[in-house]
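# Structure at a glance
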Amino acid sequence: MTHSPAPRIAGLRALQAFGLTLSALALGGFALLSGAGPATAATVTPGQAPNLTLLIAGRDIVYCYYQQPCKNQDQRTGLAQPPNTDTIMLVKIQGTTAHVLNIPRDTNVGPFDRYRSVALQKINSQYFSGGGPEALVKAAETITGEHVDSYVIVRTDYVERVIDALGGLDVTVPEPGIEWVDNAAGVNLKLAPGAHHLEGKEGVLFLRVRKGFGDDYGRIDHQKQALTQLAGKLRTPQGLAALPTILGGIGNGVETDVNPATIAALRPYLGQLKLSFATLPTDDIPGTFNLAVNRERLAQVWGDVPATPPNPDVKVTVVDASGENLGPALTRALTALGYRNVQVTPAPRSGEASQVFTQQDVADASQLAFTLNLPRLQGERFPVSAGEVGILLGADAVSSLGALKGLGSAPTP
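Rules behind the numbers
- Residues numbered from 1 in each chain as written.
- Predicted model: local features only at pLDDT ≥ 70, side-chain atom pairs only at ≥ 80, totals over all residues.
- Heavy atoms only, no water.
- Helix = DSSP H or I, 4+ residues; strand = E, 2+ residues; numbered from the N terminus.
- Buried < 20%, exposed > 50% of the residue type's maximum accessible area, 1.4 Å probe, protein only.
- Contact = heavy atoms within 4.5 Å.
- Areas by Shrake-Rupley, 256 points an atom, 1.4 Å probe, with all protein chains shown as cover.
- Axes fitted to C-alpha atoms, helices over the stretch in contact; angles between N-to-C directions.
- Parallel < 35°, antiparallel > 145°, perpendicular 65-115°, else oblique.
- Left-handed = near helix turned anticlockwise from the far one by under 90°.
- Core = buried A, V, L, I, M, F, W, Y, C linked by side-chain atoms within 4.5 Å.
- Expected span 1.5 Å × (residues − 1).
- Salt bridge = Lys/Arg side-chain N within 4 Å of Asp/Glu carboxyl O.
- Pairing = 2+ DSSP bridges.

Okay, the overall build of the chain next. On a plain count of helices and strands, the chain comes out with 13 helices and 20 strands. Split into buried and exposed, the 413 residues of the chain put 54% on the buried side. Considering only intrachain contacts with a sequence separation of at least 6, the fraction spanning at least 24 residues in the chain is 76%. Carbon and sulfur atoms make up 52% of the accessible area of the chain, which amounts to about 17100 Å² in all.

In structure tokens:
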């Protein structure tokens, strides 16, 4: 692991990492390619754009004794602690677009019942208490109103192996740093503020920690951003070299019922997928830590957003961590498109993935993400205000947005 100082990126605390969420899209796509799992009804047709919904979740390693993992990771009795699924994502693939919805672990399944166990009503308990992946699928359908075609469940040890195979994870630790020590679970994570390159074991711990990110929503948001980074690596030669490790997890850290008939239809589209992330909007349930889904807001932040003309009044904040001074050129391009309020903040070169951020201005962010061909992330804890959209230019922008170099420099706003 290496360390280097990293000044605060003004206005946007971009990538902080992805814990079990690596299970979400990148690994789910490769699980599809493996063809593992029993055959179920096909949800895609060869020659036609895919249209299916996957439930992808990360589950803990189960321990039978103090710091001793069970030899059989699928057993359900004699456990020192039951395995929760604290990372749960619904992935709706529509042609070349993948909408990813993070479901907070404390979301209540159905109407809250004060006469039932509060913990057993949370979605993160359904995998163990409800009888496995099928119970988790049913809970997600109840919460979101979406039909789920297939599931992919991964363990933390598998995520470690994949992060290592993809060359590790670049993260930024916020002030005042992170210290997570849990002797019972064998956890000893101490990271100073600033930039770090983490290997698999530390990467998973960092991506699971909430300290420094506020709460479960903060953790979800930084997980989305790390997923974007790791998914980008899958398209590189290193990603191809990692395929044996990724596919080798089926039956050894990955549970799935994905239909092998989907493989041929999905394969031509996987490399073209555009990512769009959102977090399930929820309301507090008084007197509990459980959360109730807010369906009206859900319809606003997740799914297809109609194409709209650029909103000249939206504030666009560009954090240029490309290492090639692409921010002024992007400002010039956006100004030519009609955006009147574009500001650039230079930042040290970063391995974090380029992406578009929003909190509530989903349509404006989607327009920019489509124009720049970047992932769009929406969450409850992104540090952008109403009427503002953020763009992070990471080192990958040199290739993905390399055409900006030809635009020359623009005056500093």
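At their nearest, the axes of helix α4 (residues 156-165) and helix α5 (residues 200-208) sit 8 Å apart, and the two run at 120° to each other. The angle between α4 and α5 falls in the class oblique. The handedness of the crossing between α4 and α5 is right-handed. Listed contacts from α5 to Thr156, Val159, Glu160, Ile163 and Asp164 of α4 are Gly200, Lys201, Gly203, Val204, Leu207 and Arg208.

Core analysis: the largest hydrophobic core is formed by 37 residues, its most contacted members being Val91, Ile163, Leu169, Phe206 and Phe277. If near-sequence neighbours (up to four positions away) are discounted, Phe277 is found in contact with Met89, Val100, Lys224, Leu227, Thr228, Arg376, Leu377 and Gln378. With 23 residues, the next largest nonpolar core counts Leu101, Ile123, Ala139 and Ile153 among its residues.

Before going further, it helps to examine helix α3 (residues 133-144). Between its terminal C-alpha atoms α3 stretches 16 Å, which fits the 16 Å expected from 12 residues at 1.5 Å a residue. Restricting attention to buried positions, one finds in α3 the residues Pro133, Ala135, Leu136, Val137, Ala139, Ala140, Ile143 and Thr144. Two residues or fewer past α3, Gly145 is found with a positive phi of approximately 80°.

A few words on α4. Along α4, the positions that sit buried rather than exposed are Thr156, Asp157, Tyr158, Val159, Val162 and Ile163. In the stretch just after α4, Gly167 is the one whose phi turns positive, near 90°.

Within this structure, the stated rule accounts for four salt bridges. For Arg105, the salt bridge goes to Asp106, with nearest N and O atoms at 3.8 Å. Here Asp313 ties to Arg340 by a salt bridge, and the two come within 2.4 Å at their closest N and O atoms. Taken together, the positions of Asp313 in the loop between α10 (295-301) and β16 (315-320) and Arg340 in the loop between α11 (327-336) and β17 (341-346) put the pair 27 residues apart, joining distant regions of the chain. The structure contains a network of salt bridges with shared partners spanning Arg105, Asp106 and Lys122.

Before going further, it helps to examine the pairing of strand β8 (residues 169-173). The element β8 is extensively covered by neighbouring structure, given that four of its five residues are classed as buried. Of the strand pairs in this sheet, β8 and strand β11 (residues 194-198) are connected by five bridges, and their pairing is antiparallel. When the sheet's bridge partners are listed, Thr172 is paired in β11 with Ala195.

Here we come to the sheet that holds strand β6 (residues 97-102). Read from one edge to the other, the open sheet built from 11 strands follows the order β12-β7-β2-β5-β6-β13-β19-β18-β20-β16-β17, with strand pairing classed as mixed. Here the strands that pair on one side only, and so sit at the sheet edges, are β12 (254-256) and β17. Within the sheet, the average angular offset between the axes of one strand and its neighbour, ignoring direction, is 20°. As paired strands, strand β2 (residues 51-59) and strand β5 (residues 87-94) are joined by eight bridges and run antiparallel to one another. Within β5, the position partnered with Ile56 by the bridge is Met89. Contacts between helix α12 (residues 362-372) and the sheet are confined to β13 (274-279), β16, β18 (355-358), β19 (376-378) and β20 (388-393), with β18 contributing the most and set at about 175° to the helix.

To continue, consider unusual backbone geometry. The residue Asn325 is not glycine, and still its phi comes out positive at about 55°. In this fold, Asn325 is placed in the loop between β16 and α11.

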